[in-house]
Amino acid sequence: MSARGIAEIRAGLDAGEFSSVEIARDYLDRIEQANPALNCFVTTTPEIALTQAKAADARLAAGDAGPLTGVPLAHKDLFCTDGVRTSCGSRMLDNFIAPYDATVVAKLRDAGTVMLGKTNMDEFAMGSSNENSHYGAVKNPWDHARVPGGSSGGSAAAVAAGLAPAATGTDTGGSIRQPAALCGVTGIKPTYGRVSRYGMIAYASSLDQGGPFARSARDCALLLAAMAGFDPRDSTSADAALPDFAAELERGLDGIRIGLPREYFADGLDARVAAVIEAAIDEFRRLGAEISEVSLPNTGLSIPTYYVIAMAECSSNLSRFDGVRFGHRCADPVDLEDLYERSRGEGFGDEVKRRIMIGTYALSAGYYDAYYLKAQQLRRLIKDDFQQALSDVDLILGPTTPEIAFGIGAKSDDPVSMYLQDIYTISLNLAGLPGLSLPAGFVDGLPVGLQLIGNYFDEAGILAAAHAFQQATDWHLREPAA
Ligand code: GLN
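Report follows, based on the coordinates.

Rules of the game
- Residue numbers run consecutively from 1 along every chain, following the written order of its sequence.
- Since the coordinates come from a predicted model, pLDDT governs what is reported: local features require at least 70, and pairs of side-chain atoms require 80 or more to be given and counted, while whole-chain, interface and lining totals use all residues.
- Only hydrogens and water are set aside when side-chain values are computed; all heavy atoms of the structure are taken into account.
- The secondary structure listing takes helices from DSSP runs of H or I that are at least 4 residues long and strands from runs of E that are at least 2 residues long, numbered from the N terminus.
- For a compact globule the rule gives 2.2 Å times the number of residues to the power 0.38, and the radius of gyration it is set against comes from C-alpha atoms.
- For each residue, the accessible area found with a 1.4 Å probe, counting protein chains only, is set against the maximum for its type, and the residue is called buried under 20%, exposed over 50%, and partly exposed in between.
- What makes two residues a contact is simply this: any of their non-hydrogen atoms within 4.5 Å.
- Think of a nonpolar core as a cluster: buried Ala, Val, Leu, Ile, Met, Phe, Trp, Tyr and Cys residues, connected wherever their side-chain atoms sit within 4.5 Å.
- Take a side-chain nitrogen of Lys or Arg and a carboxyl oxygen of Asp or Glu: if they are within 4 Å of each other, that pair is a salt bridge.
- Each Phe, Tyr or Trp ring (for Trp, its six-membered ring) is paired with any other whose centre lies within 6.5 Å, and the angle between the two planes then decides the class: stacked below 30 degrees, edge-to-face above 60, tilted in between.
- Look at NZ for Lys and CZ for Arg. If either is within 6 Å of the ring centre and within 35 degrees of the ring normal, a charge sits over the ring.
- Two strands make a pair as long as DSSP finds a minimum of two bridges between them.
- Any residue with at least one heavy atom within 4 Å of a molecule or strand is counted as near it.
- Any pair of N or O atoms that falls within 3.5 Å is considered a polar contact. Within protein, one atom must be able to donate a hydrogen and the other to accept it, and sequence-neighbouring residues count only if both atoms are side-chain atoms.
- Each residue is assigned to one class: nonpolar for Ala, Val, Leu, Ile, Met, Phe, Trp, Tyr, Cys and Pro, charged for Asp, Glu, Lys and Arg, and polar for all the others, Gly among them.
- Under this rule, positive means Lys or Arg and negative means Asp or Glu; His and the chain ends count for nothing.

### Overview of the overall build of the chain
Right, on to step 1. Each helix and strand in the chain was counted, giving 15 helices and 11 strands.
Right, on to step 2. Here the C-alpha radius of gyration of the chain, 21 Å, is about what a compact globule of 482 residues would show, namely 23 Å.
Right, on to step 3. Along the three orthogonal principal directions, the C-alpha set of the chain runs to about 65 × 50 × 45 Å.
Right, on to step 4. Buried positions account for 61% of the 482 residues belonging to the chain.
Right, on to step 5. Pairs at least 24 apart in sequence give 76% of the contacts found in the chain among residues at least 6 apart.

### Quick look at helix α7 (residues 217-227)
Right, on to step 1. Where burial is concerned, most of α7 is hidden: 9 out of the 11 residues are buried.
Right, on to step 2. Burial in α7 covers these residues: Ala 217, Asp 219, Cys 220, Ala 221, Leu 222, Leu 223, Leu 224, Ala 226 and Met 227.
Right, on to step 3. In the segment just after α7, Gly 229 is the residue with positive phi, at about 130°.

### Considering the nonpolar core
A general trend in soluble globular proteins is that nonpolar side chains are found buried together.
Right, on to step 1. Ranked by size, the top nonpolar core spans 139 residues in total, and within it Phe 124, Phe 386, Leu 452 and Leu 463 carry the most contacts.
Right, on to step 2. Looking at which element gives the most residues to this core, the answer is helix α9 (residues 302-317), with 9 residues.
Right, on to step 3. Apart from residues lying up to four places away in sequence, Leu 463 is in contact with Ile 188, Ala 217, Cys 220, Ala 221, Leu 224, Phe 245, Leu 249 and Leu 436.
Right, on to step 4. In terms of nonpolar packing, the next biggest core, distinct from the first, is built from 5 residues, Val 147, Leu 182, Ala 405 and Phe 406 among them.

### Points about the environment of Ala 472
Right, on to step 1. Position of Ala 472 relative to the elements: it lies in helix α15 (residues 459-472).
Right, on to step 2. Sequence separation of Ala 472 and Tyr 419 is 53 residues, and the distance between their C-alpha atoms is 34 Å.
Right, on to step 3. Setting aside anything within four residues of it in sequence, one finds Ala 472 in contact with Glu 283, Arg 286 and Leu 287.

### So, the environment of Ala 460
Right, on to step 1. Counting through the fold element by element, Ala 460 comes out in helix α15.
Right, on to step 2. Judged by its relative accessible area of 3%, Ala 460 is buried.
Right, on to step 3. Sequence separation between Ala 460 and Asp 244 is 216 residues; the distance between their C-alpha atoms is 8.0 Å.
Right, on to step 4. Apart from residues no more than four positions distant in its own chain, Ala 460 is found in contact with Pro 243, Phe 245, Glu 248 and Arg 251.

### Quick notes on the pattern of salt bridges
Right, on to step 1. The tally for this structure, following the rule as stated, stands at 27 salt bridges.
Right, on to step 2. Note that Asp 64 is salt-bridged to Arg 59, the shortest N-O span being 3.7 Å.
Right, on to step 3. Judged by its relative accessible area of 25%, Arg 59 falls in the partly exposed class.
Right, on to step 4. Lys 411 is the salt-bridge partner of Glu 403, the closest N and O atoms lying 3.5 Å from each other.
Right, on to step 5. Connected via shared salt-bridge partners are Asp 101, Arg 109 and Asp 110.

### Considerations on the packing of aromatic side chains
Right, on to step 1. Here the structure, examined in full by the defined rule, presents 16 aromatic pairs.
Right, on to step 2. With a centroid separation of 4.9 Å and an interplanar angle of 5°, the aromatic rings of Phe 284 and Phe 469 are classed as stacked. Taken together, the positions of Phe 284 in helix α8 (residues 271-286) and Phe 469 in helix α15 put the pair 185 residues apart, joining distant regions of the chain. Like Phe 469, Phe 284 is buried.
Right, on to step 3. An aromatic cluster is built from Phe 96, Phe 124, Phe 321, Phe 326 and Phe 348, whose rings are joined through pairwise contacts.
Right, on to step 4. Over the ring of Tyr 27 we find Arg 30, and its NZ or CZ is 5.2 Å from the ring centre.

### Some remarks on the pairing of strand β5 (residues 186-189)
Sheet faces and side chains relate simply in a regular strand, where the side chains alternate between the two faces.
Right, on to step 1. Residues Thr 186 and Ile 188 of β5 are buried on one face, and the alternating residues Gly 187 and Lys 189, pointing to the opposite face, are buried as well.
Right, on to step 2. As defined by bridge partners, β5 adjoins strand β10 (residues 435-443) across 3 bridges and the pair is classed as antiparallel. Bridge assignment links Ile 188 to a residue of β10, and that residue is Leu 436.

### What about the site of the ligand?
Right, on to step 1. Of all residues adjacent to the ligand, which total 15 residues, the nearest are Gly 173, Ser 175, Tyr 203, Tyr 306 and Asp 422.
Right, on to step 2. Note that an oxygen atom of the ligand is positioned 2.6 Å from one of the side-chain N or O atoms of Tyr 203.
Right, on to step 3. The contact in question runs from an oxygen atom of the ligand to an N or O atom on the side chain of Tyr 306, over 2.6 Å.
Right, on to step 4. In the shell around the ligand, the residues fall into 5 nonpolar, 7 polar and 3 charged.

### Here's the deal with the side chain of Glu 131
Right, on to step 1. Mapping Glu 131 onto the fold places it in the loop between β3 (114-119) and α5 (153-160).
Right, on to step 2. Of the side chains with opposite charge, Lys 411 lies nearest to the buried Glu 131, which makes no salt bridge, at 9.3 Å.
Right, on to step 3. At 2.6 Å, the side chain of Glu 131 forms a polar contact with the side chain of Ser 129.
Right, on to step 4. Of note is the side chain of Glu 131, whose polar atom sits 2.6 Å from the backbone nitrogen of Gly 409.
Right, on to step 5. Apart from residues no more than four positions distant in its own chain, Glu 131 is found in contact with Asp 122, Ala 137, Val 147, Phe 406, Ile 408, Gly 409, Ser 412 and Met 418.

All we've got here are geometric facts, nothing functional implied.
Below is the structure:
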């Protein structure tokens, strides 16, 4: 059976071709077969899946089903899931059973989805390759010697490999869009505040945002509709009108003004990736879009700005993992200091420690003005660049990543080269803007992602443009060899 999308699964359920229990079993079998090689899942939840699938079948039979009822999916392992281990890819939380559901998990559960399990990720969502997980690297389904991207690599790879039709992810600097690009699936990072962060383990709170992965923009629209909305339990949740994302999909591209940032097509972009994006731009033009050039002059500052802010915020957020309240505790501490030192020393991996140390330094007295404050000022300039560009165009288009998936281990000793993988994705998080990555072609048999960026709360416009492209092309339907 080839991989299916949400719409096809729902059609099959409605037509009685299979039940939700049968389709859940089918995916659980696929996971059992393929996961040892790919390492996408750190936990599977077959009992929960079968209970939820039975309930979905009852809703379907009663005529009480919504667009996601009976659809299996996987959650990134930083969304708290009631009664299920939520490890965040860290030894620190290897023993943490969440006592409640994140809002995103609760909303998708109430929509009738069926949880297959929790997906692997870079520890505390810090990474661009999914090599920083306590549970080992995730493999790219297109080439097992390469990375799937990170930090939501398990989710992206699971969807690409057909181990789940959909999955949740989070994006602090690119962690939905970058792995979506490298694995050849569609993923959207919504506007900051669109999706509740309640129950999402915090990395950098002013940047973190949850969103879906799926096989098409249409499926992402269905998932986002269920995930989004105001949440009084998240103080940064936006009380903004929620459009009917699925109904807006058919808007088409006629007359849509799309800007190409000059800085995204400059040095550092692999020429073969550029050629794929150029061909896709021709397709957008053919479909009626008006293409022009725009400029985002501060693009080059986005990586240093992001890494000061993200590390500062993570040093503060991760101070709660101290071996006292929950998480890993060292054996036989002699006193409180020993308890803190060894619990944190043993619980956190190298990349997390590097970031906590740099972030603590950047926030310390005497350096705060030089680093954190300066970064906040640059953040404003980056946001202004986008506002300027988006006053002339409806959407901004470019590559999602500068390269195709790289080899496992290829950048492990060079954090700066790893950080550069997020050059086109990170600035959106600094600005709080929504962005989507979709498959636009291949280089050497590996997927290339195209990014569409829209104005605040215009996820519907982004999804509609992506949908129009996917109606005219079949890149998103390609599948890796089993
Ligand atoms: N690669 C970036 C980082 O390591 C972004 C990660 C993310 O979006 N969670 O911070």
